Amino acid sequence: MYSPIGRAITRIAPTIVRHYHSLITGTGSYLPPNIVANSDLAKKFNTSDEWIRKKTGIQARRYVDEGVGSSDLAVEASRKALHAAGKKAGDVDCILAATSTPDFNSPGIGVLIQQKLACHRVPAYDIHNTSPGFLFALELGDSLIRCGKYQCVLVVGAEVHSTGLDFTDRGRLMTVIFGDGAGAVVLEPTEGNHGLLSTRLHSDGFFYDKLWCEGPSSLKHPRLTSRMIDEGKIFPTMEGSLVFENAVNLMSLVCEEILVEKNISAQELQHVLPHQANLRVIEAVAERLNVPMTKVHHNIEHYGNTSSASIPILLDEKVRSKVIQEGDLILMTSFGSGFSWGGGLIRW
Ligand code: COA
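These figures come from a predicted structure and were not determined experimentally.

**What about the overall build of the chain?**
Helix and strand counts for the chain come out as 11 helices and 13 strands. By the compact-globule yardstick of 20 Å for 348 residues, the chain fits well, its C-alpha radius of gyration being 21 Å. A principal-axis box enclosing the C-alpha atoms of the chain has dimensions of 85 × 50 × 40 Å. Counting all 348 residues of the chain, 52% fall into the buried class. Carbon and sulfur atoms make up 52% of the accessible area of the chain, which totals about 16500 Å². When the 34 basic and 37 acidic side-chain charges of the chain are each reduced to a single mean position, those positions are 3 Å apart.

Shown next as structure tokens:
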């Protein structure tokens, strides 16, 4: 065939464009067995069960034993998620691992999960967005499925905080909050009305040093000095009230963005799964969204704040206990260091 500009045109056969998005086909979680009560912490530094419960709602958290890393927790959660999805490790064609507490400085935990599960040579991403890291990984996994690149994506959030906390009076504000754990989901493509309907993510580095862990730091020569250790720069710190205020505002706002985008009201939601930052933060978000606490789930009482693992652990608990039923609308939201924050909407 001859075209007006004189070049041959090859006709491309019309193709049917298929619109996939992600369905969560399996969930899993793992908490290490060692339970640490508030009263156990009160033996190490100046705090009390009463203060911790009143300010955070936390009663206990889980800590790993020596030699167990976040990749180990991630693998346990992943095995359960794969089993629930009816998949074998060999079916996975991409791993997205979110953690702020990797086993080593490098490599990240993605390759460790890949090796321990024996998902041979599949790409393993590492995502370091702290608490909202799971939602960042979920959006990336969904995007990779939507563009047709992968058919079975394992998304994991895992943290071992307990080995990086300051168990002295200096660190008590942070130390009482955090716990260890992991959660995972399997994503597969679907053309149906169920699955991940929306994700919205945001970051703003303006407050990067208001909720952070400064060391080891490549700005320093060397990265880690005994002075940094003495000054506690290797432990996470935060400005508690600033973090509280931003967590409530930004999680509420991103939830409202998703509701507007999908043209649904908060009353149509069956479940809200907020990041388990602090029970007071969760209650304030529920109030802002005007959703009753009966629909706003929490397990922070038992596990504390497990950062990137908190939403997938909660999701797995509510799926396995059948609180979440087919067709339910679920809104997730998280906030953390950066600041970074986000939300996601699922039709189960
Ligand atoms: N036990 C006992 N007392 C403690 C304590 C602890 N573990 N930690 C701090 N305190 C003391 C403080 O030293 C302070 O004492 P002072 O009044 O004599 O100076 C007092 O308790 C109040 O501290 P403050 O920092 O004002 O508490 P707060 O009302 O801001 O509550 C948080 C602290 C951490 C519970 C709250 O700021 C918070 O929840 N922030 C958000 C946390 C969060 O979500 N982080 C993770 C985001 S992913």
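Having seen the model, we can carry on.
**Observations regarding the sheet that holds strand β11 (residues 271–274)**
Across the sheet, which stays open at both edges, the 4 strands sit in the order β8-β13-β12-β11 with mixed pairing between neighbours. Each end of this open sheet is capped by a strand with a single partner; those strands are β8 (195–203) and β11. Between one strand axis and the next, the sheet turns by 10° as a mean value, whatever way the strands run. Two strands pair when backbone bridges link them, and β8 and strand β13 (residues 340–347) are joined in this way by 8 bridges, in the antiparallel orientation. Bridge assignment links threonine 199 to a residue of β13, and that residue is glycine 344. Along the sheet, helix α11 (residues 310–320) contacts β11 and β12 (329–336); its crossing angle with β11, the most-contacted strand, is approximately 145°.

**Some details on the sheet that holds strand β1 (residues 21–30)**
Pairing in this open sheet of 5 strands is mixed, and the strands run β1-β7-β6-β4-β5 from one edge to the other. Taken across any chain shown, the strands that pair with only one partner, and hence form the sheet edges, are β1 and β5 (124–127). Mean inter-strand twist for the sheet, computed between neighbouring axes without regard to direction, equals 20°.

**Digging into the site of the ligand**
Not every one of the 20 residues close to the ligand is listed here, only the nearest: Thr47, Lys55, Arg172, Gly240 and Asn278. At 2.7 Å, a side-chain N or O of threonine 47 approaches a nitrogen atom of the ligand. Note that an oxygen atom of the ligand is positioned 2.9 Å from one of the side-chain N or O atoms of arginine 172. Those elements giving two or more residues to the shell around the ligand turn out to be α2 (49–56), α6 (172–175) and α8 (240–261).

**A look at the environment of threonine 306**
By the element assignment, threonine 306 lies in the loop between α10 (300–303) and α11. Spatially, the C-alpha atoms of threonine 306 and valine 160 are 8.1 Å apart, while their sequence positions differ by 146 residues. Sequence-distant contacts of threonine 306, that is, excluding residues within four places in its chain, are made with Glu159, His161, Gly179, Asp180, Gly181 and Ile313.

**Remarks on the pattern of salt bridges**
Here the structure, examined in full by the defined rule, presents 17 salt bridges. In this structure, aspartate 316 and arginine 320 form a salt bridge, with 2.6 Å as the shortest nitrogen-oxygen distance. Here aspartate 316 pairs with arginine 320, and both are found in helix α11, just 4 residues apart, close to one helical turn. Each of Glu214, Lys220, Arg227, Glu231 and Lys233 takes part in one network of salt bridges that share partners.

**Focus on the domain arrangement of the chain**
The domains assigned to the chain are domain 1 (21–193) and domain 2 (196–347). At the interface, 52 residues of domain 1 touch 52 residues of domain 2. Both sides of the domain 1 and domain 2 interface together cover about 3900 Å² of buried area, and 61% of this is carbon and sulfur. When the area that domain 1 buries against domain 2 is broken down by residue, the three leading residues are Ser131, Leu135 and Met174, summing to 16%. Seen at the junction of domain 1 and domain 2, the total is 0 salt bridges. Summed over the shared surface of domain 1 and domain 2, the result is 24 residue pairs in polar contact (both at pLDDT 80 or more). Of all the secondary structure elements, the ones that give two or more residues to the side of domain 1 that touches domain 2 are β1, α2, β3 (60–63), α3 (70–85), α5 (133–146), β6 (153–159), α6 and β7 (181–190).

**Details of the pairing of β5**
Within a regular strand, the side chains alternate between the two sheet faces. Pairing of strand β4 (residues 94–98) with β5, which is carried by 4 bridges, proceeds in the parallel orientation. By the bridge assignment for β5, leucine 96 is matched with tyrosine 125. Read as a crossover between parallel neighbours, the route from β4 over helix α4 (residues 109–117) to β5 is right-handed.

Reading guide: rules and limits
Residues numbered from 1 in each chain as written. Predicted model: local features only at pLDDT ≥ 70, side-chain atom pairs only at ≥ 80, totals over all residues. Heavy atoms only, no water. Helix = DSSP H or I, 4+ residues; strand = E, 2+ residues; numbered from the N terminus. Rg over C-alpha atoms; globule rule 2.2 N^0.38 Å. Buried < 20%, exposed > 50% of the residue type's maximum accessible area, 1.4 Å probe, protein only. Areas by Shrake-Rupley, 256 points an atom, 1.4 Å probe, with all protein chains shown as cover. Lys, Arg positive; Asp, Glu negative; His and termini not counted. Charge placed at Lys NZ, Arg CZ, Asp CG, Glu CD. Pairing = 2+ DSSP bridges. Axes fitted to C-alpha atoms, helices over the stretch in contact; angles between N-to-C directions. Contact = heavy atoms within 4.5 Å. Near = heavy atom within 4 Å. Polar contact = N/O pair within 3.5 Å; in protein donor to acceptor, adjacent residues only side chain to side chain. Salt bridge = Lys/Arg side-chain N within 4 Å of Asp/Glu carboxyl O. Domains from an automatic or database assignment. Buried area = accessible area lost by both parts, 1.4 Å probe. Right-handed = clockwise from strand over helix to strand, strands pointing away.

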